[in-house]
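Structure assessment
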Amino acid sequence: MTLYRGTFVDCPDDPFAGGTLRTLDGALLVTDGAIAARGTFADLAAAHPDDAVVDLRGGLVIPGMVDTHVHYPQVRVIGALGLPLLDWLDQRALPEEGRLAEAAYARVIAREFLGSLVRAGTTSALVFGAHFAPAMDEFFGEAATTGLRIAAGLVVSDRLLPEPLLTTPDRAVAESVQLAQRWHGVGRLRYAVTPRFSFSCSDSLLAACAEARAQVPGALFTSHVNENDAEIARVLADFGTHYVGSYDRHGLLDHLSVLAHNVHPRDDELALLAVRGTTIAHCPCSNSALGSGLFPLRRHLDAGVRVSLGSDVGGGVSFSLLREGLQAAFVQHLQGAAGVRMGAAHLLWLVTTAGARALGLDAVGHFGVGMQFDAAWLNPEPDATLDIALRHAADDADAVAKAFALGDVGDVRGVWAGGDRVR
Ligand code: GUN
Ligand code: ZN
C-alpha cells in the first residue's frame, strides 16, 4: 500500500448537470492500483504507519487525462496551419501516413507518439491508428509496455484516398479481427474498429466494419463526422442519408462509439446520437487550426448528446488536454449567447470523467474510493508564471482555471496509471 500526499482536485459529477469541483488537501491510500481511502495525511499516516509515502505537495494532482481522439501516425505533421481539412489531408497528413507502410518507421513513430501522450499527462486514449496492419502490431506492442490505457485499431478506407492506403471489405474484416485477437484485452489495451470517415469508405466497407466489430466483444467504434462543409456535401451526395446515418444504418453507433468533431450537425442527427449513447469527441484546437467551425456545444447538451475532448493530433496542435480545455472555453465564449459559459469544473470534467465514460472506463476519471489511481501531477518550476498564479489563486476553482490557462506539458511532473508510475 502507498500513501500519496498532495492537493488532489477532481470533478466526479457532471457540472453541466450541477456537479462541482472537489478538493482534497490530504492523502490517498492506494492498494493494488486502486484508491482504498481518502483523508487527512495525519489520519491515514497514523492508521498505516508502515506504508510508503509519495510526497506530491506543490502544485495540483489531477486525474490522469483522457484523450478521446488522437492520431498515432500524425505526431510529425503537427503545426501545418492554414489549410482546410481535405487540403490538409492531401498535402500533409496522408503522405506521412503512407510512410507507416514500413514497420520499422511505424515503430519509431509509435514510440514518439506514446511518449508525447504520457508527457502531456494523458493516461487513457482512444487512438486513431494507421492504415497498415504491421504498423498496428508495432503500435500495440509499444503501447503494451507503457502502462497506458489505449484503445486503437486499424484504419480502413476503400475510396478517395491515395491507393496504398486503401483496402477491401474482406481484407478489412480479416486484418481487423486478427489484430483484435492478438491485442484486445491484453493488459490495458482494447481494440477499436476504425473506418477513417464515410467520405473515404464505401457502404460495403462500413458493413464490413460492423461484421468485424461483431466478432470482437467489447470492441469500441470510432470515426469522424460532420467536420467540414466540403466533406459533408460529398457524404450526403454519396450515401443518401445524413452523415450520422451512414454509420448508424450498419448498427455501428452505441455507448462504446466515439465520433470526432460534429461541428455541423443537423437536429435529427443530434437526436439519434443521444438515443444511441454515442459520444462526440470535441477537438477545439483542430477545429480552429483547420478552420472547420465553431462547435455547437449548447445544441449537443440540449439534445442530450455525450461530449468529451480530443487533441486530434496532428490536425490539433499539441498533446496537451489543458490546452484543449482552454480552447474549448474560448470557442464557446466567442459564440456569445449561443455558446456555453464554461469554468474550471467543466473543463476538468471534460478532460477526465467525461472522457473515461466515453471509453467505457468506469473505474477511471476521478479520485473516489474504489477508482483506479490514474493521476497527473502538475508542478511548475518555481517562479514560472503558473507557479506564481497557483500560489496566489483565490480558491480551488481559480487554481484549476489557472492550470488550464497557463499549464503545459512541461508542467507535468509525474504520471500514474493504475498505481504504476508511467512517467
Ligand atoms: N477526417 C478524416 N481523416 C481525418 C484526420 O486525419 N484528421 C481530421 N481532423 N479529420 C479527418
Ligand atoms: Zn481526427
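Predicted model only: the values in this text are computed from it and were never measured.

Let's talk about the packing of helix 3 (residues 103-119) against helix 4 (residues 133-144)
In helix packing, the relevant descriptors are the interaxial angle and the interaxial distance, both defined with respect to the helix axes. Orientation of helix 3 relative to helix 4, taken along the N-to-C sense of each, is 40°, at an axis distance of 8 Å. Helix 4 is crossed by helix 3, and the crossing has right-handed handedness. Here helix 3 contributes A103, A106, R107, A110, R111, F113 and L114 to the contact with helix 4, which in turn contributes P134, A135, E138, F139, E142 and A143. Here the contact of helix 3 with helix 4 is composed, by residue class, of nine nonpolar, no polar and four charged.

A few points about the site of ligand 1
Around ligand 1 sit 13 residues, and of these H71, Q74, R196, E227 and D312 come closest. H224 is positioned with one of its side-chain polar atoms (N or O) 3.5 Å from a nitrogen atom of ligand 1. Within the side chain of E227, one N or O atom sits 2.7 Å away from a nitrogen atom of ligand 1. Tallying contributions element by element places helix 2 (residues 85-98) first for the shell around ligand 1, with three residues.

What about the pattern of salt bridges?
Per the counting criterion, the structure on display carries 23 salt bridges. Of the charged contacts in the structure, one is a salt bridge between E97 and R196, with a shortest N-O distance of 2.9 Å. Of this pair, E97 sits in helix 2 while R196 sits in the loop between strand 9 (189-195) and helix 6 (203-214), and the two are 99 residues apart along the sequence. When the shortest N-O distance is used, the salt bridge between R249 and D203 registers 3.2 Å. Taken as a pair, R249 in the loop between helix 8 (243-248) and strand 11 (257-261) and D203 in helix 6 lie far apart in primary sequence, 46 residues in all. Since its relative accessible area comes to 43%, R249 is described here as partly exposed. We classify D203 as partly exposed; its relative accessible area is 32%. A network of salt bridges, in which partner residues are shared, links R159, R234 and D238.

With respect to the packing of helix 4 against helix 5 (residues 169-183)
Their axes nearest at 11 Å, the elements helix 4 and helix 5 cross at an angle of 20°. It follows from the interaxial angle that helix 4 and helix 5 lie roughly parallel. When you trace helix 4 past helix 5, the crossing you get is right-handed. Where helix 4 approaches helix 5, its residues A133, M136, D137, F140, G141 and A144 are matched on the opposing element by E175, L179, R182 and W183.

Comments concerning the nonpolar core
Across soluble globular proteins, nonpolar side chains show a tendency to be buried alongside one another. Among the nonpolar cores identified, the biggest contains 108 residues, and Y72, F139, I150 and Y247 are the most heavily contacted of them. For this core, the element with the most residues is helix 3, which contributes eight residues. Apart from residues no more than four positions distant in its own chain, F139 is found in contact with Y72, A110, F113, L114, V127, I150 and A152.

Rules used throughout
- Residues numbered from 1 in each chain as written.
- Chains lettered and ligands numbered in written order.
- Predicted model: local features only at pLDDT ≥ 70, side-chain atom pairs only at ≥ 80, totals over all residues.
- Heavy atoms only, no water.
- Axes fitted to C-alpha atoms, helices over the stretch in contact; angles between N-to-C directions.
- Helix = DSSP H or I, 4+ residues; strand = E, 2+ residues; numbered from the N terminus.
- Left-handed = near helix turned anticlockwise from the far one by under 90°.
- Contact = heavy atoms within 4.5 Å.
- Nonpolar A, V, L, I, M, F, W, Y, C, P; charged D, E, K, R; others polar.
- Near = heavy atom within 4 Å.
- Polar contact = N/O pair within 3.5 Å; in protein donor to acceptor, adjacent residues only side chain to side chain.
- Salt bridge = Lys/Arg side-chain N within 4 Å of Asp/Glu carboxyl O.
- Buried < 20%, exposed > 50% of the residue type's maximum accessible area, 1.4 Å probe, protein only.
- Parallel < 35°, antiparallel > 145°, perpendicular 65-115°, else oblique.
- Core = buried A, V, L, I, M, F, W, Y, C linked by side-chain atoms within 4.5 Å.

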